[in-house]
2 protein chains.
Amino acid sequence: MLQLGVAALAAAEVLAAASRELKDAALIAAAAAIRAAAPRLLEANAQDLQTARARGLSGALLERLLLDSTRIESMARGLEQVAALEDPIGTVTAEWTQPNGLRFQRVRVPLGVIAIIYESRPNVTADAGALCLKSGNAVILRPGSESFHSSAAIHACLEAGLVAAGLPAACIQRVPTTDREAVRYLLAGMTDYIDVVVPRGGKGLIERVQREARVPVIGHLDGNCHVYVDREADLAMAREIVLNAKLRRTGICGAAETLLVDEGAAATHLAPLLRALLDAGCEVRGDAAAQAADPRVLPATEQDWLTEYLDAIIAVRVVPGVEAAIAHIARYGSAHTESIVTENAVTAERFLNAVDSAIVLHNASTQFADGGEFGMGAEIGISTDRFHARGPVGVEQLTSYKYVVRGTGQVRPG
Amino acid sequence: MLQLGVAALAAAEVLAAASRELKDAALIAAAAAIRAAAPRLLEANAQDLQTARARGLSGALLERLLLDSTRIESMARGLEQVAALEDPIGTVTAEWTQPNGLRFQRVRVPLGVIAIIYESRPNVTADAGALCLKSGNAVILRPGSESFHSSAAIHACLEAGLVAAGLPAACIQRVPTTDREAVRYLLAGMTDYIDVVVPRGGKGLIERVQREARVPVIGHLDGNCHVYVDREADLAMAREIVLNAKLRRTGICGAAETLLVDEGAAATHLAPLLRALLDAGCEVRGDAAAQAADPRVLPATEQDWLTEYLDAIIAVRVVPGVEAAIAHIARYGSAHTESIVTENAVTAERFLNAVDSAIVLHNASTQFADGGEFGMGAEIGISTDRFHARGPVGVEQLTSYKYVVRGTGQVRPG
């Protein structure tokens, strides 16, 4: 493990000074290597799937673990998309001159060495490796044991890309063991080598990382997201947004988990919204008003307002207006992503200002909580931290900065 | 302690939405309260000084602890200067529209609740309280036991300012005990209430905080700063910069600790630079070349290249050129602040790019490592972290951001 750290530190130094051309060439060569290695990737994946089935893993986990030709092509294309992104390194993000003539620039630099600990999705190997490379960071990947062989095969393609471009293979390293002690060591034993840890996976993993890490963490916890349908919401728009926010994909962190309906819209909007959800196969757990509006609605408990279902289940509550919606979100929400549907611009601004979440939307689905949809090209996750990076974490969020000051002999008085 | 946390959380909510006018009014009223309370502050400070002397504290510590009318006036003026700064909260730092018509804004928001743990300087109470207030953060101050009474008296003035402006007094709270258990609790027991901890003081304090904290930390460790005098340096400029960088104040983190002289400049520049330092009363510990250039130079050991003296002592080494200077800094430096003196623009750019420190300067003193000198108005410290904030930490660095997205009914396809 220490060897990984030493090699990462040396690679990070090379990578910090690497030109955009070099980094992009490595990404494009890696994409080609992935396409060429498709049969090997499928074979490695079949091995992982077999083990997973033998261990009795569930359908959802198997689905996440699966590679097929579409997914392999999409991984390769992902690498090319990251290559097409602007290079954040060296960008001047602020520039000013002081009265004494000193000229200041704030310039983007890499964070250094990033460790990424993830679970079963093998494509994270390619995505995370690519984002770290583009942002000039060396990375140590620690894939979950379920995707051990798939991740190793993908990682070999990334290494091939680096070597083809003349960059050190150690820019993207992989922990070659599924030993859980290795994770402990990454989190607490390598503070001299690792600048930040990014956990990507379920709540258990993220909580463990936040508890054990002795280096900074970029993590996301719950996405208990809300849609608030205001008394001045257009019903057709509200219906489309609610259905999309809840059901487009139920397993992602930007999926809506609670629908709040303004009592001023209850008479007209509540029953149609409930009907649309129920007819689409969604389980609805509601307060008394929601239960009265549709007999298929089950009773909600206090626990429902707090739950990230990640499933075709939604909690529904009627609230006295936008202020009550804001208060409900402050009390039960996880500060991830919330949306208001209303035609009233003043009400919308009130909600957008007062709700303290990483992403607040007006008249749009919460499922836009995604780096790609933000135009960042890709993301390593959605941070619910307030520190360093908040919301989608793309290449820009994987950088730090330094101040460059140019003078003509100035000394400090006094 | 938990009560402090609950009150801070409630105050943070009010403060996040507070207008610039309200926050500035509180700062200006606090400045007036400090001026009016001068006799009380001096009395409280005399009490602290008496205890400190009884405990046999050293002259430097007593000097740091001391309040006099000049320092009281400068504290009051500091509050007014922070009031005059731009309000970072609500600033739009990025804005774009996606092809689907969604309009994105990234908007500055406060971090939330900040805990500041510091040592003997009582003025930190005013500075830190003011910076947190201006950046919309509630703060829990934990002054050192040495300044217990002084800090309490200053804190009372800040509270008076808040109350006069109609803001909750809990926006700026003080831990009313010197119990060391309180620090442990702030660091590890209040993760639901505290968003970030800022330690301000000696290395022991900062290392303890980084070890024990279960919340993010903005800390600075060593400032082992370098001046490199290149073969194309103007001698007069080099002399002035070296003297200022080392001796203007020796106890601050931006003070130079090692002087690197290009061997191409040794024949002309080395002896005059050594003479200037020695004549000004600085102890010089040098390599063989430096010892040969002036008989008063003591021999340097490997340990000297690593030492932050914070005193009138400097280590001097002759290096073969700019690349060797960059390598020396990478090996021994603490990535805080380094300066190159040269008339050659290409050499300067090479140094500014290759040295991976929070602040890199060309033809200027390292003692400019200061938020005030950067034009930030004030600072809470100089961060040597790469994560979140690097370099001077002013009001802008005490903020996070959120994304505000405005749509017209967009839902996410597929």
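Just so it is clear, the structure is predicted and the values come from calculations on it, not from any experiment.

A.B. asks: Would you take a moment to explain the overall build of chain A for this structure?
C.D. replies: Of the regular secondary structure elements, chain A holds 15 helices and 16 strands. Its C-alpha atoms give chain A a radius of gyration of 24 Å, within 12% of the compact-globule value 22 Å for 414 residues. Projected onto its principal axes, the C-alpha positions of chain A cover 70 × 70 × 35 Å. A total of 414 residues make up chain A; the buried ones form 54% of that total. Residue pairs at least 24 apart in sequence account for 72% of intrachain contacts in chain A once pairs closer than 6 positions are excluded.

A.B. asks: I tried to follow the domain arrangement of chain A on my own but got confused; where do I start?
C.D. replies: Quite often, the size of an interface is put as the accessible area lost when its parts meet. Residues and elements named next belong to chain A. Taken as a whole, chain A is organised into domain 1 (2–220 + 381–405) and domain 2 (225–368). Averaged C-alpha coordinates put domain 1 and domain 2 at centres separated by 35 Å. Across the side of domain 1 that touches domain 2, the residue classes tally to one nonpolar, four polar and one charged.

A.B. asks: Sorry if this is basic, but what is going on with the environment of Val 360 of chain A here?
C.D. replies: As for its placement among the helices and strands, Val 360 of chain A is situated in strand β13 (residues 359–364). Taking the C-alpha atoms as reference, Val 360 of chain A lies 5.8 Å from Ser 339 of chain A; in sequence the two are 21 residues apart. In this structure, Val 360 of chain A is in contact with Glu 338, Leu 352 and Val 355 of chain A together with Lys 402 and Val 404 of chain B, ignoring residues within four places of it in sequence.

A.B. asks: I keep staring at the pairing of strand β1 (residues 92–97) of chain A and nothing clicks. Help me out?
C.D. replies: The side chains of a regular strand alternate between the sheet's two faces. When you tally the buried positions in β1 of chain A, you get zero out of six residues, a small fraction of the element. Hairpin connection, β1 of chain A to strand β2 (residues 103–110) of chain A: the antiparallel pair is bridged by five residues, and Gly 101 of chain A has positive phi, about 90°.

A.B. asks: I keep staring at the relation of the copies chain A and chain B and nothing clicks. Help me out?
C.D. replies: Between the two copies of this chain, the relationship is a rotation about some axis together with a displacement along it. Least-squares fitting of chain A to chain B yields an RMSD of 0.0 Å, with the superposition described by an axial translation of 0.0 Å and a rotation of 180°. These values place the two chain copies in the arrangement generated by a two-fold rotation axis. Among all C-alpha atoms of chain A, that of His 388 of chain A lies closest to the rotation axis, at 1.9 Å. Comparing interface residues between copies, 100% of those in chain A also sit at the interface in chain B, which points to an isologous, same-surface contact.

A.B. asks: What exactly am I supposed to notice about the interface of chain A and chain B here?
C.D. replies: Between chain A and chain B, the contact holds 50 residues from the first and 50 residues from the second. The greatest single-element share of the side of chain A that touches chain B, amounting to eleven residues, is contributed by strand β16 (residues 399–410) of chain A. When grouped by side-chain class, the residues that make up the side of chain A that touches chain B number 24 nonpolar, 16 polar and ten charged. Looking at chain direction, β13 of chain A and strand β16 (residues 399–410) of chain B are connected through five bridges and run parallel. Residue pairing across strands places Ile 359 of chain A opposite Tyr 403 of chain B, the latter belonging to β16 of chain B.

A.B. asks: Can you walk me through the environment of Glu 257 of chain A in this structure?
C.D. replies: All names here are of chain A. For Glu 257, the position within the fold is in strand β8 (residues 256–262). Placed 222 residues apart in sequence, Glu 257 and Arg 35 show a C-alpha to C-alpha distance of 38 Å. The contact partners of Glu 257, leaving out residues within four places of it in the chain, are Asn 224, Cys 225, Thr 307, Glu 308, Tyr 309, Ile 314 and Ala 315.

A.B. asks: What is the right way to read the packing of helix α2 (residues 20–36) of chain B against helix α7 (residues 148–164) of chain B from this model?
C.D. replies: When two helices pack together, their arrangement is captured by the angle between the axes and the distance separating the axes. Residues and elements named next belong to chain B. In contact at an axis separation of 7 Å, α2 and α7 are set at 135° when each is read in the N-to-C sense. In terms of axis orientation, α2 runs oblique to α7. In the packing of α2 onto α7, the handedness of the crossing is right-handed. Touching Ala 26, Leu 27, Ala 29, Ala 30, Ala 33 and Ile 34 of α2 are Ile 154, Cys 157, Leu 158, Ala 160, Gly 161, Leu 162 and Ala 164, all from α7. Within the contact of α2 with α7, the residues separate by chemical class into twelve nonpolar, one polar and no charged.

A.B. asks: Explain unusual backbone geometry here, please?
C.D. replies: Peptide bonds are mostly trans, and most non-glycine residues show a negative phi. All names here are of chain B. The phi torsion at Leu 310 lies on the positive side, around 50°, for a residue other than glycine. Residue position: Leu 310 is located in the loop between α13 (302–306) and β11 (313–319). Given 18 C-beta atoms within 10 Å, Leu 310 falls into the partly exposed group. Although it is not a glycine, Ala 335 sits at a positive phi angle of roughly 60°.

A.B. asks: Honestly, the pairing of strand β1 (residues 92–97) of chain B in this entry has me stumped. Any pointers?
C.D. replies: Inspection of the sheet shows β1 of chain B paired to strand β2 (residues 103–110) of chain B by five bridges, in the antiparallel sense. Residue pairing in the sheet places Val 92 of chain B in a bridge with Val 107 of chain B of β2 of chain B.

A.B. asks: Is there a simple way to think about the confidence of the model for chain A in this case?
C.D. replies: As a note on interpretation, predicted positions should not be read in detail where pLDDT is low. The predicted model of chain A averages 94 in pLDDT, with 100% of residues at 70 or higher. Two numbers describe this predicted complex: its pTM, 0.92, and its ipTM, 0.92.

A.B. asks: I'm lost on the sheet that holds strand β5 (residues 172–174) of chain B in this one. Help?
C.D. replies: Adjacent strands of a sheet pair through backbone hydrogen bonds, lying either parallel or antiparallel. Residue and element names in this part refer to chain B. Ordered in space as β5-β4-β3-β6, the four strands form an open sheet in which the pairing is parallel. Edge positions in the sheet fall to β5 and β6 (196–200), since each of these pairs with one other strand and no more. Across the sheet, the mean angle separating the axes of adjacent strands is 20° when strand polarity is ignored. Here five bridges tie strand β3 (residues 113–118) to strand β4 (residues 138–142), and the two strands are oriented parallel to one another. Bridging from a neighbouring strand, Ile 114 pairs with Val 139 of β4. On the sheet, helix α6 (residues 123–134) packs against β3, β4, β5 and β6 and is oriented at approximately 165° with respect to β4. Across the face of the sheet, helix α9 (residues 203–212) comes into contact with β3 and β6 while running at roughly 160° to β6.

A.B. asks: I would appreciate a short explanation of the sheet that holds β8 of chain A in the present structure.
C.D. replies: Taken in spatial order, the ten strands of this open sheet run β10(A)-β9(A)-β11(A)-β8(A)-β7(A)-β12(A)-β13(A)-β16(B)-β2(B)-β1(B), and their pairing is mixed. Edge strands, defined here as strands with exactly one partner in the open sheet, are β10 (298–299) of chain A together with β1 of chain B. Of the strand pairs in this sheet, strand β9 (residues 283–286) of chain A and strand β11 (residues 313–319) of chain A are connected by four bridges, and their pairing is parallel. The residue bridging Arg 285 of chain A from the neighbouring strand is Ala 315 of chain A, located in β11 of chain A.

Cut-offs applied
Residues numbered from 1 in each chain as written. Chains lettered and ligands numbered in written order. Predicted model: local features only at pLDDT ≥ 70, side-chain atom pairs only at ≥ 80, totals over all residues. Helix = DSSP H or I, 4+ residues; strand = E, 2+ residues; numbered from the N terminus. Rg over C-alpha atoms; globule rule 2.2 N^0.38 Å. Buried ≥ 20, exposed ≤ 12 C-beta atoms within 10 Å, placed from the backbone. Contact = placed C-beta atoms within 7 Å. Domains from an automatic or database assignment. Nonpolar A, V, L, I, M, F, W, Y, C, P; charged D, E, K, R; others polar. Pairing = 2+ DSSP bridges. Least-squares fit on C-alpha atoms with pLDDT ≥ 70 in both. Axes fitted to C-alpha atoms, helices over the stretch in contact; angles between N-to-C directions. Parallel < 35°, antiparallel > 145°, perpendicular 65-115°, else oblique. Left-handed = near helix turned anticlockwise from the far one by under 90°. pLDDT = per-residue confidence, 0-100.

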